[in-house]
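Spelled out from the first residue to the last, the chains are:
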Amino acid sequence: MRTILVVAEHRSGELRPVTLELIAGAQTLKQGADDQVVVAVIGAEADKFVPALSVEGVNEVVVVKTGSADFDPDFFESAVSGLIEARSPAVVMLPHTVDSLGYAATLASKGGHGFATDVFKLEYDGADLVATRGGYNQKVNVEVDFPGKSCVVVAVRANVYKPLEGSGSPAVSSFEAAAKASRSSNREYIELGGGNDVDITGVDFIVSIGRGIGEETNVEDFRELADTAGATLCCSRPIADAGWLPKSRQVGQSGKVVGNCKLYVAMGISGSIQHMAGMKHVPTIVAVNTDPGASIFTIAKYGIVGDIFEVHEELMNQLA
Ligand SMILES: Cc1cc2nc3c(=O)[nH]c(=O)nc-3n(C[C@H](O)[C@H](O)[C@H](O)COP(=O)(O)OP(=O)(O)OC[C@H]3O[C@@H](n4cnc5c(N)ncnc54)[C@H](O)[C@@H]3O)c2cc1C
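Conventions used here
Residues numbered from 1 in each chain as written. Predicted model: local features only at pLDDT ≥ 70, side-chain atom pairs only at ≥ 80, totals over all residues. Helix = DSSP H or I, 4+ residues; strand = E, 2+ residues; numbered from the N terminus. Rg over C-alpha atoms; globule rule 2.2 N^0.38 Å. Buried ≥ 20, exposed ≤ 12 C-beta atoms within 10 Å, placed from the backbone. Core = buried A, V, L, I, M, F, W, Y, C linked by C-beta atoms within 7 Å. Domains from an automatic or database assignment. Contact = placed C-beta atoms within 7 Å. Near = placed C-beta within 6 Å. Nonpolar A, V, L, I, M, F, W, Y, C, P; charged D, E, K, R; others polar. Pairing = 2+ DSSP bridges. Axes fitted to C-alpha atoms, helices over the stretch in contact; angles between N-to-C directions. Left-handed = near helix turned anticlockwise from the far one by under 90°.

This part covers the overall build of the protein. Along the protein, the regular secondary structure elements total nine helices and 16 strands. Radius of gyration (C-alpha) of the protein: 21 Å, near the 20 Å computed for a compact globule of 320 residues. Relative to its full complement of 320 residues, the protein shows a buried share of 41%.

Here it is in structure tokens:
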């Protein structure tokens, strides 16, 4: 029997969607009928997440009560290393987020486990687990295996697996983690940039601009286009990093996943893996780019090889 342990992530009292994605991913690692998916939920109010975690494919939810309702790297490391010792999972799946960044490496190195971060594909090659991650600033895909490791810790990207829709009735148990003093405390959560801005995860039509717009003064033209078309203006990371649009408008791995979007018009965006992580699921993607080899065209339903300023002008004429 093989155990796949998924560590749930929650923030400000809400279960993070990536948890359900990882639960779906864990199903793909089951090889035998008695393989088990166990979900650990850690925190002072961890038990309140049990109903949300009672989904298809979960055999057991383990509640680990700690001294903090919020994420705490020391408590998480202590809880997960205790669970690894107690349950001997073959694979421990953590979301590849700022939380796991705070404890995953320590957890793996102290325990002598196999370890890979930023994983976007996981599968068994015979008896060997193989994790695929980006390398050389996402220019190549690297396959990592873990010879001789009985436990492998993987931090898996969001938006790789689609959550399962069915409900389940897992066993619920509790686990006592070794007491550990925390070296940090949480003061408050601050959403970066544009606190009162629109929530782009809920909108259904997006016009998104990338570095192809060239200069900040051009942003207003595309804002006007988005407003006229009834869309929400979003962007790739360089635009948010430059402060041309608030961080809350950034789509992608370190931005937002635009879960409800039905139509996404990408203007001057190359289609990096990190950008696509936030929008590749959108049913209708329209891409405008001067470079016919731009990666965005690999996922676009409709593509225009051309200049975004010409397309902008034509669209404004059509919409007038
Ligand atoms: C850990 C990490 C997390 C990241 N998270 C994110 C994230 O959340 N979101 C994100 O977007 N990026 C993210 N990135 C950055 C990402 O790797 C890319 O650098 C970024 O997405 C590139 O943005 P871009 O497509 O706008 O720019 P570029 O890659 O520079 O592409 C600009 C495109 O515009 C086209 N172009 C230029 N002029 C015109 C014109 N006049 N008309 C039409 N097309 C034109 C070019 O052909 C080019 O394809 C992250 C990177 C890392 C390492």
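This part covers the nonpolar core. In a soluble, globular protein the nonpolar side chains are often hidden away together inside. Ranked by size, the top nonpolar core spans 89 residues in total, and within it Val-6, Val-39, Ala-40 and Val-154 carry the most contacts. The residues that make up this core include at least three from each of domain 1 (3-175) and domain 2 (200-319). The residues contacting Ala-40, other than those within four sequence positions of it, are Leu-5, Val-7, Ala-8, Val-62, Val-64, Ala-79, Val-80 and Leu-83.

A word on the domain arrangement of the protein. For the protein, the domain assignment lists domain 1 (3-175) and domain 2 (200-319). The C-alpha centroid of domain 2 is placed 32 Å from the C-alpha centroid of domain 1. In this assembly, five residues from domain 1 lie in contact with seven residues from domain 2.

Every one of the 27 residues lining the ligand counts as a neighbour, but Gly-210, Gly-212, Arg-237, Gly-252 and Ser-270 are closest to it. Put simply, the parts of the chain that give the shell around the ligand at least two residues each are helix H7 (237-241), helix H8 (273-276), strand S15 (284-289) and helix H9 (308-319). Here the residues of the shell around the ligand sort into seven nonpolar, 16 polar and four charged.

Before going further, it helps to spend a moment on the pairing of S15. When strand S14 (residues 263-267) meets S15, the two strands line up parallel, connected through five bridges. Across the sheet, residue Tyr-264 finds its bridge partner in S15, namely Ile-285. Pairing analysis gives four bridges linking S15 to strand S16 (residues 302-305), with the strands arranged parallel. Following the sheet pairing, Val-286 is matched in S16 by Tyr-302.

As a packed pair, helix H6 (residues 219-229) and H9 sit with axes 10 Å apart at the nearest point and diverge in direction by 35°. Note that H6 runs across H9; the crossing there is left-handed. Note on element contacts: H9 touches H6 through His-312, Leu-315, Met-316 and Leu-319, opposite Asp-221, Phe-222, Leu-225, Thr-228 and Ala-229. Of the residues in the contact of H6 with H9, the class split is six nonpolar, two polar and one charged.

Attention now goes to the sheet that holds strand S4 (residues 36-42). Judged by pairing direction, the sheet is mixed, and its nine strands sit side by side in the order S9-S8-S7-S10-S6-S1-S4-S5-S11 without closing on themselves. The open sheet is flanked by strand S9 (140-145) and strand S11 (171-175), the only strands paired with a single partner. Within the sheet, the average angular offset between the axes of one strand and its neighbour, ignoring direction, is 35°. Bridge count between strand S6 (residues 91-95) and strand S10 (residues 152-156): five bridges; the pairing is parallel. Among the inter-strand pairings, Pro-95 is bridged to a residue of S10, identified as Val-156. Along the sheet, helix H1 (residues 17-27) makes contact with strand S1 (3-7), S4, S6, strand S7 (114-125) and S10, crossing S6 at roughly 155°.

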